[in-house]
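A look at the structure
The primary structure of each chain is shown beneath.
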Amino acid sequence: METLKDGKEASKQEFPSVSVEQAYDDLKAMRVHGAGRIARFAAQALGDYAKDAKARTSKEYWGLVLRAGERLRSARPTAVSLPNGVNYVLYGGRTSFESGGSVEDIRNATVNTASDFVSSSLDAVKIIGEIGAKRVKNGDVIITHCNSEAAMSIMKKAHDLGKGIKVYCDETRPKFQGHKTAATLAAYGIDTTLICDSACRVTMGSADKAVVGCDAITVNGALVNKIGTSQVATIAHEARVNFLVAAETYKLDFKTLAGELVDIEERDHTEIASKEWMAHNPKVKFNNPVFDVTPPEYIDFYVTEKGIVPPGAVFSLMKELYQYSEGAQATQGRS
Ligand code: RI2
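These notes cover the structure that comes with them. Each chain carries its own residue numbering, running from 1 in the written order of its sequence. For this predicted model, a pLDDT threshold of at least 70 governs which residues receive local features, and a threshold of 80 or more governs which side-chain atom pairs are given and counted, while totals over whole chains, interfaces and linings are taken from all residues. Side-chain metrics rest on all non-hydrogen atoms present in the structure, leaving aside hydrogens and water.

To continue, consider the side chain of Asp-26. Labels follow the DSSP assignment, with helices taken as runs of H or I lasting at least four residues and strands as runs of E lasting at least two, numbered in each case from the N terminus. Topologically, Asp-26 is positioned in helix α1 (residues 20–28). A 3.5 Å cut-off defines polar contacts: any pair of N or O atoms within that distance qualifies, except that in protein one atom must be a possible hydrogen donor and the other a possible acceptor, and neighbouring residues in sequence count only when both atoms are side-chain atoms. Within the structure, Asp-26 has its side chain in polar contact with the side chain of Arg-31 (distance 2.8 Å). Any two residues whose heavy atoms approach within 4.5 Å at even a single point are treated as in contact. Sequence-distant contacts of Asp-26, defined by excluding residues within four places in its chain, comprise Arg-31, Val-32 and Phe-41.

Printed below as a string of structure tokens:
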């Protein structure tokens with residue numbers, strides 16, 4: 001526990017307190033990554049900003065908070081957890097603003113909602129582990145992709161239950177987040193093997209399940225996740241290996257309900273070739289999309305904190321949770 005300025009004690013924060021601009025830079029440069037982590041990081045930064053922002057009127061104060069939220073939301077386009085997390089925090093402040101709250105009322109509502117979001121996000125990852133681990137059998141061999149806290153929560157819980165699992169992590173080029181997953185799972189005591197991405201098909205022959213994380217879920221139940229996920233899913237489908245997706249419900253992409261497509265982030269080309277190599281090969285062009293789309297037919301089910309959700313049930317879940325979306329707030333004249 002640490003002691004805050006006002007003398008109250010608080011649990012240690014997951015991230016250091018930073019300004020909105022610093023948070024934007026950290027998100028953009030992927031110094032903080034992982035869909036759940038970036039949502040919590042942005043929610044915390046927005047809550048911290050709301051705590052200290054100075055304004056004479058409620059309208060002025062709320063305008064500052066909205067602009068800070070907009071800045072954070074724009075840092076990364078694909079992982080919908082980021083705008084959803086920010087929108088959730090704004091939902092609290094907006095309710096107070098619209099009911100005529102004072103600056104202090106809106107401040108408290110925003111700060112409290114930010115902290116609610118962070119704690120419910122951490123709870124969701126834990127619950128996903130508990131639910132997902134029930135679907136893991138003793139001795140299962142699992143293949144995973146990239147670095148997902150929610151997916152690892154399932155594997156860690158299965159390990160805690162003594163299920164004796166073995167995990168293959170692929171490297172996940174170009175940023176090699178699979179190395180982080182392998183290091184984390186091995187340190188946790190799980191039998192872990194790192195493979196290169198192109199060894200996925202060879203390895204799938206001995207796998208019982210593929211378990212991956214999620215950056216966004218579309219209205220038709222498709223998964224948007226780190227580039228290469230759809231290859232893992234296609235290979236799992238071919239080998240009749242179950243494909244499970246660990247996803248908190250704030251990864252539902254509500255704008256797909258209104259017909260919009262998910263914007264796939266294209267990152268710097270130096271992630272796939274050095275500047276020196278580029279200079280030696282000036283005729284080569286580069287593409288570096290960092291997410292891809294796995295169709296619902298290749299997904300057995302999503303493991304969410306609300307339970308198991310088959311891809312065909314995503315539409316109903318979106319409707320149930322729509323009130324928290326940016327679209328719902330805009331429709332109600334709240335943006
Ligand atoms: P959790 C990551 O994106 C990966 O694509 C991972 O599968 C997904 O977020 C979900 O991660 P990035 O931020 O929320 O590394 O489960 O681009 O941790």
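Taken together, 19 residues surround the ligand, and among them Gly-34, Gly-36, Ser-148, Asp-215 and Lys-251 come closest. Residue Glu-149 places a main-chain N or O atom 2.8 Å away from an oxygen atom belonging to the ligand. One nitrogen or oxygen atom from the side chain of Asp-215 is found 2.5 Å from an oxygen atom belonging to the ligand. Residue-level accessible areas treat just the shown protein chains as cover; the underlying method is Shrake-Rupley with a 1.4 Å probe. Its free accessible area being 440 Å², the ligand has 100% of it covered by the protein chains. Residue assignment for the shell around the ligand shows that the elements contributing at least two residues are α2 (35–52), α6 (149–160) and β8 (223–226). The rule for a residue being near a molecule or strand is that one of its heavy atoms must lie within 4 Å of it.

What follows deals with the sheet that holds strand β5 (residues 191–195). As summarised here, the arrangement of the seven strands in space is β5-β4-β3-β6-β9-β11-β12, forming an open sheet in which the pairing is mixed. Two strands lie at the open edges of the sheet, namely β5 and β12 (307–309), each paired on one side alone. On average, each strand axis in the sheet is inclined to that of its neighbour by 25°, with strand direction left out of account. Each pair of strands is called paired provided DSSP finds at least two bridges between the two strands. As paired strands, strand β3 (residues 141–144) and strand β6 (residues 209–212) are joined by two bridges and run parallel to one another. Paired with Ile-142 across the two strands is Lys-209, which belongs to β6. Interaxial angles span 0 to 180 degrees and are taken between N-to-C directions of axes, which are lines fitted to C-alpha atoms, for helices over the stretch in contact. α6 contacts β3, β4 (166–170), β6, β9 (242–246) and β11 (301–304) of the sheet and is inclined by roughly 135° relative to β6.

Okay, the nonpolar core next. Of all hydrophobic cores here, the largest spans 33 residues; its most connected members are Leu-27, Leu-46, Tyr-61, Val-65 and Leu-72. Sorting the residues of this core by element identifies α1, α2, α3 (58–73), α4 (81–98) and α5 (103–133) as the ones contributing at least two each. The contacts of Leu-46, once residues within four sequence positions are left out, are Val-65, Ala-68, Gly-69, Leu-72, Val-86, Val-89 and Leu-90. Only buried residues count toward a nonpolar core, which is a set of Ala, Val, Leu, Ile, Met, Phe, Trp, Tyr and Cys residues joined through side-chain atoms within 4.5 Å. Each residue gets one of three labels from its accessible area relative to the maximum for its type: buried under 20%, exposed over 50%, partly exposed in between, using a 1.4 Å probe on protein chains only.

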